[in-house]
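Descriptive analysis of the structure
Chain by chain, the residues run as shown.
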Amino acid sequence: AKQVLRRLTTSVQRIVRSTAVADAVKQWHDCICQVCGEGVPTLKGVYAEAAHIQPLGHPHDGPDISSNVLCLCPNHHVAFDRGGFVIEDDLQVITAGGTPLGALRTVPAHHIDVAFVRIHRERWAA
């Protein structure tokens, strides 16, 4: 018997992110994760994600600017968004369990605003 799936029409409001900001950050880092130094190889080239340090949506209301964005692999993006690691003011990466992972990878073109790093860290403080 063929299953008939029910369809529902909905309306969604979402924040429109700047693809130019995300693309610039990923380009500066050659789509290489700032935490692990890996990119995800695909048939369309290396893949990475632009992760906002201070989230854009309510209640966080972070800005969509390059100093509030990291270039991360999908795994580290999810871990970062869910408090799996934080970044110290000196850009050292620390896991939720307190294990140091080393320095966040940086490039001269990409300034990271430590104020956003602090907000992220405070959000996940125990």
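Below is a summary of the structure that appears in this document. (Residues numbered from 1 in each chain as written. Predicted model: local features only at pLDDT ≥ 70, side-chain atom pairs only at ≥ 80, totals over all residues. Heavy atoms only, no water.)

Re unusual backbone geometry
One non-glycine residue with positive phi stands out, namely D30, at about 55 degrees. Within the secondary structure, D30 is located in the loop between α1 (19-28) and β1 (40-42). Despite not being glycine, C31 shows a phi value in the positive range, around 55 degrees. On the secondary structure map, C31 appears in the loop between α1 and β1. The class of C31 is buried, set by a relative accessible area of 18%. (Helix = DSSP H or I, 4+ residues; strand = E, 2+ residues; numbered from the N terminus. Buried < 20%, exposed > 50% of the residue type's maximum accessible area, 1.4 Å probe, protein only.)

Section: the pattern of salt bridges
On inspection of all chains with the given rule, the structure shows 2 salt bridges. For R118, the salt bridge is made with D89, and the minimal N-O distance between the two is 2.9 Å. Note that R118 is positioned in helix α3 (residues 114-123) and D89 in the loop between β5 (85-87) and β6 (92-95), a separation of 29 residues in sequence. By relative accessible area, which is 39% here, R118 ends up partly exposed. Its salt-bridge partner being R121, residue D89 comes within 2.8 Å of it at the nearest N-O pair. Remark: R121 occurs in helix α3 and D89 occurs in the loop between β5 and β6; sequence separation between them is 32 residues. (Salt bridge = Lys/Arg side-chain N within 4 Å of Asp/Glu carboxyl O.)

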